[in-house]
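Breakdown of the fold
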Amino acid sequence: MDDNELERVREKRMAELKGKLERQGAGGRVIPVDQLHMEELLKTHPALVIDFWAEWCGPCRKIAPAIEELAGEFAGKVTFGKCNTDENQQLAMQLNISAIPNIVFFSHGKMVDRVIGAYPKEAIREKVIRNFP
């Protein structure tokens, strides 16, 4: 194996590891969720909260900072994700997302709760605590 080939293998492996960390919600960040990775996320994250939103949605933008803060607060215990419903319409339909913001709680791959509307951070926190003791 020459140096160029070794470097390509190393870069490919680093990109794979970076992608894996992003999907795992490393560091309490909110991770992007899409149709392609949903099944994998459900399998690898026993406590998962996904905020379904859209760019044009004012209430969605209003709760975004609360979701970010809660992701940091529950880092290591609960994974938080965001799914743009305009870009993932099929996934939104599968989960019966008919209004946004729509925050869906998954425990061990199964939907256990949801919050529809722009609830305050404290109300969302209470739902997280209740669903993931």
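All values reported here derive from a predicted model rather than from experimental measurement.

1. Concerning unusual backbone geometry
Following Ile100, the chain continues to Pro101 via a peptide bond in cis, the omega torsion being -5 degrees. By secondary structure assignment, the location of Pro101 is in the loop between helix H4 (89-94) and strand E4 (102-107). Positioned with a positive phi, Asn96 is a non-glycine residue whose angle comes to about 55 degrees. Inspection of the secondary structure puts Asn96 in the loop between H4 and E4. In this structure, His108 is a non-glycine residue whose phi angle is positive, near 55 degrees. Within the secondary structure layout, His108 lies in the loop between E4 and strand E5 (110-116). The class of His108 is exposed, set by a relative accessible area of 64%.

2. Description of the packing of helix H3 (residues 58-73) against helix H5 (residues 121-131)
In contact at an axis separation of 10 Å, H3 and H5 are set at 40 degrees when each is read in the N-to-C sense. It follows from the interaxial angle that H3 and H5 lie oblique. Of the two possible hands of crossing, H3 and H5 adopt the one that is right-handed. For the pair H3 and H5, contact is made by Ala66, Ile67, Glu69, Leu70 and Glu73 and by Lys121, Ile124 and Arg125, respectively. Of the residues belonging to the contact of H3 with H5, the class tally is 4 nonpolar, no polar and 4 charged.

3. Quick look at the pairing of strand E2 (residues 47-53)
The buried count for E2 comes to 7 of 7 residues, which makes it a mostly enclosed element. Going residue by residue along E2, you find Ala47, Val49, Asp51 and Trp53 tucked away on one face and Leu48, Ile50 and Phe52 tucked away on the opposite face as well. Where E2 and strand E3 (residues 79-84) come together, 6 bridges link them in parallel fashion. If you follow Ile50 over to E3, its bridge partner there is Gly81. In the classification by handedness, the crossover that spans E2, the intervening H3 and the parallel E3 is right-handed.

The rules we used
- In this numbering scheme, every chain counts its residues from 1 along its sequence in written order.
- Confidence filtering applies because this is a predicted model: local features only for residues at pLDDT of at least 70, side-chain atom pairs given and counted only at 80 or more, and all residues used for totals across whole chains, interfaces and linings.
- Where side-chain values are given, they derive from all heavy atoms of the structure, hydrogens and water being excluded.
- Comment: elements are numbered from the N terminus, with helices defined as DSSP H or I runs of at least four residues and strands as E runs of at least two.
- Residue exposure (1.4 Å probe, protein chains only): buried if accessible area is under 20% of the type maximum, exposed if over 50%, otherwise partly exposed.
- All axes here are fitted lines through C-alpha atoms, helices being fitted over the stretch that makes contact, and every angle between N-to-C directions spans 0 to 180 degrees.
- Just so you know how the angles are binned, under 35 degrees is roughly parallel, over 145 roughly antiparallel, 65 to 115 roughly perpendicular, and the rest oblique.
- Left-handed is the label given to a crossing in which the near helix is rotated counterclockwise from the far helix by less than a right angle, and right-handed is the label when the rotation is clockwise.
- The contact rule is simple, with two residues in contact once any of their heavy atoms fall within 4.5 Å.
- Ten residues, namely Ala, Val, Leu, Ile, Met, Phe, Trp, Tyr, Cys and Pro, are considered nonpolar, four, namely Asp, Glu, Lys and Arg, are considered charged, and the remaining ones, Gly among them, are considered polar.
- Paired strands, in this sense, are two strands between which DSSP finds at least two bridges.
- With strands facing away from the observer, any crossover in which the path from the first strand over the helix to the second runs clockwise is taken as right-handed.

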